[in-house]
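Given next are the chains, with one letter for each unit.
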Amino acid sequence: MALQAANANLSSLSFPSHTKRHTRTSNGRSCSRLNISASAAASPVASTSSRSIRLTYLEANSWIWDIGGVNVLVDPILVGNLDFGAPWMFDGAKKFLRNFKIDDLPDLDCLLITQSLDDHCHIKTLTPLSKRNPDLPVIATPNAESILQPLFSNVTYLEPGEKTDLEGKDGAKVNICATAGPVLGPPWQRPENGYIVKPGENGLSLYYEPHCVYNESFLENYRADVVITPVIKQVLPFFTLVSGQEDAIKLAKLLQAKYIVPMRNGDLDTKGVLSSILSSVGTMEAFQEMLVREIPNAKLLQPTPGLPLEISYSSIS
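The structure contained in this document is the topic of the report that follows. (Residues numbered from 1 in each chain as written. Predicted model: local features only at pLDDT ≥ 70, side-chain atom pairs only at ≥ 80, totals over all residues. Heavy atoms only, no water.)

**Regarding the overall build of the chain**
- Secondary structure summary: the chain contains seven helices and 20 strands in total.
- Relative to its full complement of 317 residues, the chain shows a buried share of 55%.
- Considering only contacts in the chain between residues 6 or more positions apart, those separated by 24 or more positions represent 70%.
- As displayed, the chain offers around 13600 Å² of accessible surface, 51% of which is attributable to carbon and sulfur atoms. (Helix = DSSP H or I, 4+ residues; strand = E, 2+ residues; numbered from the N terminus. Buried < 20%, exposed > 50% of the residue type's maximum accessible area, 1.4 Å probe, protein only. Contact = heavy atoms within 4.5 Å. Areas by Shrake-Rupley, 256 points an atom, 1.4 Å probe, with all protein chains shown as cover.)

**With respect to the pattern of salt bridges**
- Tallying each qualifying case throughout the model produces ten salt bridges.
- When the shortest N-O distance is used, the salt bridge between K233 and E246 registers 2.6 Å. On the criterion of sequence distance, the pair formed by K233 in strand β14 (residues 233–236) and E246 in helix α5 (residues 246–255) is long-range, its members being 13 residues apart.
- Beyond isolated ion pairs, a larger network of salt bridges with shared partners links K253, R293 and E294. (Salt bridge = Lys/Arg side-chain N within 4 Å of Asp/Glu carboxyl O.)

**Some details on unusual backbone geometry**
- The backbone of D75 sits at a positive phi, close to 40 degrees, despite the residue not being glycine.
- Locating D75 in the fold gives a position in the loop between β4 (70–74) and β5 (91–93).
- Non-glycine residue Q256 carries a positive phi angle of around 55 degrees.
- Here Q256 lies in the loop between α5 and β16 (259–263).

**Remarks on the nonpolar core**
- Core analysis: the biggest nonpolar cluster contains 31 residues, and L55, W63, W65 and I228 have the highest contact counts within it.
- Among all residues touching W65, those that are not within four sequence positions of it are R54, L55, V70, N71, V72, V74, L112, V197, L206, Y208 and I228. (Core = buried A, V, L, I, M, F, W, Y, C linked by side-chain atoms within 4.5 Å.)

**Some remarks on α5**
- Considered for burial, the residues of α5 that qualify are A248, I249, L251, A252, L254 and L255.
- For α5, the secondary structure elements touched by its buried residues are β12 (206–208), α4 (216–219), β13 (226–230), β16 and α7 (284–294).
- Q256 sits one or two residues past α5 and shows a positive phi near 55 degrees.

**Quick word on the sheet that holds strand β15 (residues 239–242)**
- Taken together, the three strands give an open sheet; going across it, the order is β15-β14-β18, and neighbouring strands pair in antiparallel fashion. In this open sheet, the two edge strands, each paired with only one partner strand, are β15 and β18 (279–281). On average, each strand axis in the sheet is inclined to that of its neighbour by 40 degrees, with strand direction left out of account.
- Here β14 runs beside β15; their pairing, made up of three bridges, is antiparallel. Considered in β15, the bridge of Q234 is made with V242. (Pairing = 2+ DSSP bridges. Axes fitted to C-alpha atoms, helices over the stretch in contact; angles between N-to-C directions.)

**Notes on the sheet that holds β13**
- Strand order across the open sheet formed by seven strands is β9-β10-β11-β12-β13-β16-β19, with mixed pairing between neighbours. Each end of this open sheet is capped by a strand with a single partner; those strands are β9 (163–167) and β19 (299–300).
- Both β9 and strand β10 (residues 173–180) contribute to a ladder of five bridges, which runs antiparallel. If you follow L166 over to β10, its bridge partner there is V174.
- Each of β12, β13 and β16 is contacted by α5, which is oriented at about 165 degrees to β13, the strand it contacts most.

**Side note on the packing of aromatic side chains**
- Per the stated rule, a full pass over the model turns up four aromatic pairs.
- Seen from their ring centres, Y57 and W63 are 4.5 Å apart, and the 35 degrees between their planes marks the pair as tilted. The exposure classification of Y57 matches that of W63, with both residues buried.
- Ring plane angle 20 degrees and centroid distance 5.2 Å describe the contact between F218 and Y222, whose orientation is recorded as stacked. A single burial state applies to F218 and to Y222, both of which are buried. (Phe/Tyr/Trp six-rings, centres within 6.5 Å; stacked < 30°, edge-to-face > 60°.)

Written out as C-alpha cells, the structure is:
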C-alpha cells in the first residue's frame, strides 16, 4: 500500500526550494579524512530540518538527496525506459514511479553522475534536463565526459581521490569526494566513481556506490554514517554485475556505518535477451540476518520509492 500511495501522490511530493549557488574547486586535491565523532547518532524523524539528510529513491540507480539543505540529483532515469540503446537486448521499466517526470524535480544544486553507462548517465534524461537547466553544476566521473560535454557547461570531473565543495541554500556546503568504483572495461581503464559526501564540520557523512564495488585500501581511511548500497546481487553466467550481501556487510564494517540504506537497482520490469539470463542472488531478509549478526549496532533503513527517508542530525560532543 505504501508503494501505491507513493505512485498516486507523486504530484504532491514536497521538496525544499532554494536558490542555486555553486562553488567549484580545482581538481587534483586528495581527499582529507572524514572524522566522525563516535557519539554522533541519527534517527528517522517526521519533520524536515536544514541539518538533516533526506533521501528520496527514484528506483534503478536514481536518487534525490537533500543533504543539509543542498539538493543533489543522482544518476537520473526520468525519461523513457533503460535500454542502453538496444531494447532488444535489455529494456527495463520502473515499477512504481513511471509518472515521475523532470518537471517534478525540485530546484537542484547539483547533478551527480557515478558511471558512464546508460543506467547512470542516461542520455534520454540528461538531454532534456540540460535544456531545462544548462548551467546546472555537474560532478561526474571523467569517463562520462564525451556524453556530458555537449550538454552541460559547468562540469567538474573527479578522479578517485579528488574532491570538490558544493554550495547550496543560505551558504550551506557539502564536500564531495570521489572514491574508486568498478572498472567497466579492460583492466587499464580508469574506474568509475563512488562518492563520500559530508556537510559542514559536524554533519553526518554519506557513502554511495551503486554496484557495491569498492577499493578496500582506499576506503579504510574513511568513515560514513550512512551507506547507500545494493545488497542483492545481480549476476550473469560467470559474471557479477552488481554485488551485495556479504560484500555490503564488509563495506558497512569498513566505513563503520550507523545506517545502511539498501537500493533495489535490479528491481525493474524487464524484457530482452539479457533479462532472460540475469538473476538475483540473496534476499533482503538474508542481508538483515547477516547485519544483525555482524554489525548489531547498525540499522537497516529501507526506502519506499518516491517517499523521502529522513535521517536527522543529533548533537556531536
